[in-house]
Amino acid sequence: MTVPASTGVPILRLGDVLVTGLLNELDDKTAVAFADELTERISSDGARGVLIDISRLEIIDSYVARMLMELTTMSRLLGARVIVAGMQPPVAITLVELGLQLTGVETALNAEQGLTALGWHRSPQAPEGVLRDAHR
Amino acid sequence: MTPIGELHAAMADLTGDGPEKPEKREKSEAGVTGGREAPSMYPVESEEDLLTVRHAVRAATIRAGFGIVDQTRVVTAASELARNAYIHGGGGTLTIEHPAGPDRTGLRLVVRDKGPGIADLETALTDGYTTGAGLGHGLGGARRLMDEFEVDTTEGRGTTVVATRWASR
Ligand SMILES: Nc1ncnc2c1ncn2[C@@H]1O[C@H](COP(=O)(O)OP(=O)(O)O)[C@@H](O)[C@H]1O
Ligand SMILES: [Mg+2]
């Protein structure tokens, strides 16, 4: 199920939703490669929704902000809805002070809420608290 | 495991740890000895340099005792200014200084390049103004993220930005 992406970030597929994330050490090349790869996957997998978990991202500067906005626009043109989930509060504060609202980018408090918004529901037999356990 | 659990596990494997706790990433040592730290200069000549600069500035904010929000502000401002020196200024340097007054300490970023300079500084500081492909929020945004902000620029000679953030107490 896990397909290792060339950027190192896994892109999981859940029905017609793609789930992926950004790691903290995001350099410019990786950011661009990530956007390209995700756009390819949306098209090849016929994805209708994309969840991007950014809970590990420690800063979003205007370069990454632009990448997220452009990725959102490209995905929408391809017919997929993007939700960016789990932004750290200091990152949100800093973005506002930079004057960047991530216009057009849909957000969610965390990955689970983002997935729910994209119409995916946890199967009833899945035990509670799996999310925490997975953090090791 | 839920898909999100699986994703987080995979991301933890890639970074070799659990969810990031920025404050804990580095143990403060220089900060507690009371000695002033010497300035340190970093080249800004490549995209890798931008990453190195971000690491160095983050570490310095932690040693200076900045809280997580101020850490994030200063690292983000450094990222914007260093990228400007690299993209618009054709490369340059970023120096981290440790200003200290009688009753306060802080962190100062000196970002210098020998590029074309900025012809109209007021306009360049305006949100949304760019001569490149950026969003045009870097310069003005960095000014808002820092307590003090000065730009010294001469057409054809280069640009130096000096930006200071004081540790809140
Ligand atoms: N170090 C620099 N050297 C020359 N020009 C600069 C420099 N920094 C900023 N500028 C000019 O100011 C403009 C605005 O900068 P900024 O707000 O960072 O936006 P962006 O980098 O997205 O264009 C740039 O497009 C550029 O014309
Ligand atoms: Mg800029």
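Thresholds, definitions, all that
- Positions within a chain are numbered from 1, following the residues in the order the chain's sequence is written.
- Here the convention is simple: chains get letters from A, ligands get numbers from 1, in the order in which they are written.
- In keeping with the model being predicted, local features are shown solely for residues with a pLDDT of at least 70 and side-chain atom pairs are shown and tallied solely at 80 or more, while totals for entire chains, interfaces and linings include all residues.
- Side-chain descriptors were evaluated using all non-hydrogen atoms of the structure, hydrogens and water having been removed beforehand.
- Secondary structure follows DSSP: runs of H or I at least 4 residues long count as helices, runs of E at least 2 residues long count as strands, and numbering of each begins at the N terminus.
- Throughout this description, buried means an accessible area under 20% of the type-specific maximum (1.4 Å probe, protein chains only), exposed means over 50%, and partly exposed covers the range between.
- Residue contacts are defined here by distance: any two heavy atoms, one from each residue, within 4.5 Å place the two residues in contact.
- Lines fitted to the C-alpha atoms define the axes, with helices restricted to the stretch that makes contact. Angles between their N-to-C directions range from 0 to 180 degrees.
- Here the word oblique covers every angle except those under 35 degrees (roughly parallel), over 145 (roughly antiparallel) and from 65 to 115 (roughly perpendicular).
- By the definition used in this description, the sense in which the near helix is turned from the far one sets the handedness, with an anticlockwise turn below a right angle giving left-handed and a clockwise turn giving right-handed.
- When residues are grouped by polarity, Ala, Val, Leu, Ile, Met, Phe, Trp, Tyr, Cys and Pro land in nonpolar, Asp, Glu, Lys and Arg in charged, and all others, Gly among them, in polar.
- Any two of the Phe, Tyr and Trp rings considered here, Trp counted by its six-membered ring, make a pair once their centres fall within 6.5 Å; the pair's planes then place it as stacked at under 30 degrees, edge-to-face at over 60, or tilted in between.
- Each ring is checked for a lysine NZ or an arginine CZ that lies within 6 Å of its centre and within 35 degrees of its normal; such an atom marks a charge sitting over the ring.
- Nearness is judged by heavy atoms alone; a residue qualifies as near a molecule or strand once a single heavy atom is within 4 Å of it.
- What qualifies as a polar contact is a pair of N or O atoms within 3.5 Å, subject to a donor-acceptor requirement within protein and to the restriction that residues adjacent in sequence count only when both atoms come from side chains.
- Note that the arc is computed from the directions linking the helix axis to the C-beta atoms.
- Criterion used throughout: strands pair if DSSP finds at least two bridges between them.
- Across the chain, each position has a pLDDT score giving the predictor's confidence in that residue, from 0 to 100.
- Summed over both partners, the accessible area (1.4 Å probe) lost when two parts come together is defined as the buried area.
- For salt bridges, the criterion is a side-chain nitrogen of Lys or Arg within 4 Å of an Asp or Glu carboxyl oxygen.

Please clarify how the overall build of chain B should be interpreted in this entry.
Per the secondary structure count, chain B includes six helices and five strands. Across chain B, helices and strands are ordered from the amino to the carboxyl terminus as α-α-β-α-α-β-β-α-α-β-β. Taking all 169 residues of chain B together, the buried fraction comes to 47%. A separation threshold of at least 6 residues defines the contact pool for chain B, and within that pool the share at least 24 residues apart is 62%.

Hey, could you run me through the packing of helix α3 (residues 89–98) of chain A against helix α4 (residues 68–87) of chain B in this one?
For any two helices packed against each other, the geometry is given by the interaxial angle and the distance between the axes. Put simply, α3 of chain A and α4 of chain B touch, their axes get as near as 9 Å, and they point 50° apart. If you check the angle between α3 of chain A and α4 of chain B, you find them oblique. Here α3 of chain A runs over α4 of chain B; the crossing is right-handed. Facing α3 of chain A, whose interface residues are Pro90, Val91, Ile93, Thr94, Glu97 and Leu98 of chain A, α4 of chain B presents Ile68, Val69, Thr72, Arg73, Thr76 and Glu80 of chain B. Here the residues of the contact of α3 of chain A with α4 of chain B are counted per class, giving six nonpolar, three polar and three charged.

It is not clear to me how the packing of aromatic side chains should be interpreted in this structure. Could you clarify?
Note on aromatic pairs: each is described by the distance of the centres and the angle between the planes. Per the counting criterion, the structure on display carries zero aromatic pairs over all chains. Positioned above the aromatic ring of Trp166 of chain B is the side chain of Arg104 of chain B, whose terminal nitrogen or guanidinium carbon lies 3.7 Å from the ring centre.

Hey, could you run me through the site of ligand 1 in this one?
All names here are of chain B. Neighbouring residues of ligand 1: 18 residues in total, closest Asn84, His88, Asp113, Thr130 and Thr131. Measuring from an oxygen atom of ligand 1, one finds a backbone N or O atom of Gly136 at 2.9 Å. A distance of 2.9 Å separates an oxygen atom of ligand 1 from a polar backbone atom of Leu139. Taken together, the residues that form the shell around ligand 1 break down as five nonpolar, twelve polar and one charged.

Which parts of the structure should I look at to understand α3 of chain A?
Because each turn of an α-helix spans 3.6 residues, side chains separated by three or four positions end up pointing in the same direction. Along α3 of chain A, the positions that sit buried rather than exposed are Pro90, Val91, Thr94, Leu95 and Leu98 of chain A. Buried residues of α3 of chain A, seen end-on, are gathered within an arc of 135° and therefore sit on one face of the element. In α3 of chain A, the exposed positions angled more than 90 degrees off the buried face are occupied by Pro89 and Val96 of chain A. Contacts from the buried residues of α3 of chain A go to α2 (62–77) of chain A together with α4 and α6 (138–145) of chain B. Gly99 of chain A sits one or two residues past α3 of chain A and shows a positive phi near 85°.

Would you explain the sheet that holds strand β2 (residues 17–21) of chain A in this entry?
Either a parallel or an antiparallel arrangement is found when strands of a sheet pair, and the pairing is made through backbone hydrogen bonds. Residues and elements named next belong to chain A. Strand order in the open sheet formed by five strands is β1-β2-β3-β4-β5, with mixed pairing between adjacent strands. Two strands in the sheet have a free side with no partner beyond their single neighbour: β1 (12–14) and β5 (106–108). Each strand of the sheet is rotated relative to its neighbour by a mean of 25°, with strand direction disregarded. The pairing of β1 with β2 spans three bridges and is antiparallel. Across the sheet, Arg13 pairs through a bridge with Leu18, a residue of β2.

What's the story with the side chain of Thr76 of chain B in this structure? I'm lost.
All names here are of chain B. Mapped onto the elements of the fold, Thr76 is located in helix α4. The class of Thr76 is buried, set by a relative accessible area of 0%. Side-chain polar atoms of Thr76 contact the backbone oxygen of Thr72, separated by 2.6 Å.

Looking at this structure, how should I read the confidence of the model for chain B?
Predicted coordinates in regions of low pLDDT should not be interpreted in detail. Residues and elements named next belong to chain B. Looking at chain B as a whole, its pLDDT mean stands at 89, while 88% of the residues score no less than 70. pLDDT under 50 marks residues 18–33. Its contacts with residues more than four places away, or in other chains, come to 27 contacts. For this predicted complex, the interface score ipTM comes out at 0.85, while the overall pTM is 0.88.

Would you mind showing me how to read the interface of chain A and chain B here?
Interfaces are frequently sized by the accessible area removed from exposure as the parts join. Each partner contributes residues to the interface: chain A has 49 residues there, and chain B has 46 residues. Interface of chain A and chain B: buried area, both sides summed, is about 4,100 Å²; carbon and sulfur atoms make up 62% of it. Considering only the surface of chain A that becomes buried against chain B, Arg56, Glu58 and Glu97 of chain A emerge as the three largest contributors, covering 17% of it. Residues Glu97 of chain A and Arg73 of chain B are paired through a salt bridge, measuring 2.8 Å at the closest nitrogen-oxygen approach. Remark: the boundary between chain A and chain B carries 15 residue pairs in polar contact (both at pLDDT 80 or more). Mapped by element, the contributors of at least two residues to the side of chain A that touches chain B are β1, β2, α1 (28–45), β3 (49–53), α2, α3, α4 (111–117) and α5 (130–133) of chain A. In terms of residues, the side of chain A that touches chain B owes the most to one element, α3 of chain A, which gives six residues. Within the side of chain A that touches chain B, the residues separate by chemical class into 26 nonpolar, ten polar and 13 charged.

Help me understand unusual backbone geometry, please; the structure alone is not making it clear to me.
For residues other than glycine, phi is negative in most cases, and the peptide bonds are mostly trans. With phi around 50°, Leu102 of chain A is a residue other than glycine that occupies positive phi space. Note on placement: Leu102 of chain A falls in the loop between α3 and β5.

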